[in-house]
Amino acid sequence: MEMRIENISVNYGEKRAIRNANFDINTGQIVTIIGPNGSGKSTLVKAMSRCIKPTEGNIYLEGINIKNINTKIIAQKMAILPQVKNVSSDISVEELVSYGRYPHLKFSKRLGKEDIEIVDWALEKTGLIHLRKRFVATLSGGERQRAWIAMSLAQKPKILLLDEPTTFLDISYQVEVLELVKELNQTLGLTVVMVLHDLNQAARYSDKILVIKNGELCEIGKPDKIIKEKLLKDIFKINADIYEDKINNCPYFIPRKKVT
């Protein structure tokens, strides 16, 4: 088991954004968090990464409470890719990816031979070798997202947290990014936790899905348990026809109408 989330709640002022969440993240899984807008998906990921502090409850990483783990050690074990990312317009892909090595640098703060080899490896894994000298600002949406994922890979984490990695991307780039995430999960054994809006994509690329509504974790299970008529109606307010993709062994649905 990689992570255990026990009874965590998160408040923003007097508003409770997450309420008594309990679940486990097992090694090598792709776990996707879904839910309506404003349901607390991103807040939960931020709490898991220790970007925000839970009001109540505990989060354990490899059996140790993250409250008691040095920040540098957490960065060596867990990488987070936030929804909003800012970078200078004159930074190259290679330089961006090298930032992923910072949690591992010694006192000199200079990249050593091993660090450079890992940066090259991350560029190769994400198909960016030929773009290494390009400025990040000149890349396509899919290429830019791959560059950020490469930076996260360079951290050599065991867990990768992705907050809406397909937001603002055209459908072709969405598939490109999710196929990359799946490949990294399968070839490196990387544990992935991500937030997605597209429920069909969540069903296609996930081992387990967590459903959040109004800050409460209301369903956990494999895609074929989650993509059901009742859940789609109760949580997402739609009627839908559900089918089975036998090639990819996952359910998918076509919405009929919004439930009023």
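Structure: see above.
All figures in this text were calculated on a predicted structure; none of them were measured in a lab.

Trainee: I would appreciate a short explanation of helix α4 (residues 113-125) in the present structure.
Mentor: Residues spaced three or four apart along an α-helix point in a common direction, a consequence of the helix completing one turn every 3.6 residues. Relative to the 18 Å expected for 13 residues at 1.5 Å per residue, α4 spans 18 Å between its end C-alpha atoms, a close match to the ideal helical length. Among all positions in α4, only D115, I118, V119, A122 and L123 are buried. Taken around the axis of α4, the buried residues stretch over an arc of 140°, which confines them to a single face. For α4, exposure combined with an orientation more than 90 degrees from the buried face picks out K113 and E114. The inward-facing, buried residues of α4 abut α3 (93-98) and α5 (141-154). Among the residues trailing α4, G127 stands out with phi positive, at a value near 70°.

Trainee: What should I look at first to understand helix α1 (residues 41-48) in this one?
Mentor: Of all eight residues making up α1, seven are buried, and the element is well covered by its neighbours. Of the residues making up α1, those classed as buried are K41, S42, T43, L44, V45, A47 and M48. Once α1 finishes, R50 follows within two positions and takes phi at roughly 70°, a positive value.

Trainee: What should I look at first to understand the pattern of salt bridges in this one?
Mentor: Charged atoms that come close allow side chains of opposite charge to pair. Evaluated as defined, the whole model comprises 14 salt bridges. Notably, a salt bridge pairs E94 with R132, separated by 2.5 Å at the nearest N-O pair. Linking E94 in helix α3 with R132 in the loop between α4 and α5, this pair joins segments that are 38 residues apart in sequence. Take E94 and R132: they sit in the same class, and that class is buried. With a shortest N-O distance of 3.0 Å, R101 and D115 are connected by a salt bridge. Here R101, found in the loop between α3 and α4, pairs with D115, found in helix α4; they are 14 residues apart in sequence, far enough to count as distant. In this structure, a network of salt bridges that share partners links the residues E94, D120, R132 and K133.

Trainee: When you look at unusual backbone geometry in this model, what are you seeing that I'm missing?
Mentor: For residues that are not glycine, phi is negative in most cases, and the peptide bond is trans in most cases. Phi at N214 takes a positive value of approximately 50°, unusual for a residue other than glycine. Taking the relative accessible area as the measure of exposure, N214 reaches 56% and is therefore exposed. Although it is not a glycine, N249 adopts a positive phi angle of roughly 55°. Summarising the element assignment, N249 is placed in the loop between β11 (238-245) and β12 (250-258).

Trainee: What is the right way to read the nonpolar core from this model?
Mentor: In summary, soluble globular proteins display a tendency toward joint burial of nonpolar side chains. Counting residues in hydrophobic clusters, the biggest one holds 50 residues, and the most contacted among them are I34, V93, V97, M194 and F236. Here the element with the most residues in this core is α5; it accounts for seven residues. Those residues in contact with F236 that lie beyond four places of it in its chain are I34, G35, P36, L199 and L231. By size, the runner-up hydrophobic cluster in this structure holds 27 residues, among which are V10, I18, L44 and I59.

Trainee: I would appreciate a short explanation of the layout of surface pockets in the present structure.
Mentor: Considering only enclosed or pocket space, the largest pocket measures out at about 340 Å³ in volume. A203, R204, S206, D207 and N249 are, among the 17 residues lining the largest pocket, the residues nearest its centre. Of all elements in the fold, only α6 (171-188), α7 (199-205), α8 (223-226) and β12 reach the threshold of two or more residues within the lining of the largest pocket. Considering only residue class, the lining of the largest pocket consists of six nonpolar, five polar and six charged. The wall of the second largest pocket is formed by 14 residues, among which Q83, K85, R144, Q145 and W148 lie closest to the centre. In terms of residue class, the lining of the second largest pocket is built from six nonpolar, five polar and three charged.

Trainee: In this structure, what is going on with the packing of aromatic side chains? I would like to understand it.
Mentor: Here a ring pair, both rings aromatic, is described through the centre-centre distance and the interplanar angle of the planes. Applying the stated criterion to the full structure yields two aromatic pairs. The interplanar angle of 25° and the centroid separation of 5.5 Å between the aromatic rings of Y243 and Y252 together place this pair among those described as stacked. Here Y243 falls in the partly exposed class, since its relative accessible area comes to 38%. Positioned over the ring face of W121 is K156, at 3.8 Å from the centre of the ring.

Reading guide: rules and limits
- Residues numbered from 1 in each chain as written.
- Predicted model: local features only at pLDDT ≥ 70, side-chain atom pairs only at ≥ 80, totals over all residues.
- Heavy atoms only, no water.
- Helix = DSSP H or I, 4+ residues; strand = E, 2+ residues; numbered from the N terminus.
- Expected span 1.5 Å × (residues − 1).
- Buried < 20%, exposed > 50% of the residue type's maximum accessible area, 1.4 Å probe, protein only.
- Arc of directions from axis to C-beta.
- Contact = heavy atoms within 4.5 Å.
- Salt bridge = Lys/Arg side-chain N within 4 Å of Asp/Glu carboxyl O.
- Core = buried A, V, L, I, M, F, W, Y, C linked by side-chain atoms within 4.5 Å.
- 1 Å grid on protein atoms, 1.4 Å probe; cavity = no way out; pocket = protein on both sides within 12 Å on 5 of 7 lines; lining within 4 Å.
- Points joined across faces, edges and corners; volume = space filled by probe spheres on them.
- Nonpolar A, V, L, I, M, F, W, Y, C, P; charged D, E, K, R; others polar.
- Phe/Tyr/Trp six-rings, centres within 6.5 Å; stacked < 30°, edge-to-face > 60°.
- Lys NZ or Arg CZ within 6 Å of the ring centre and 35° of its normal.

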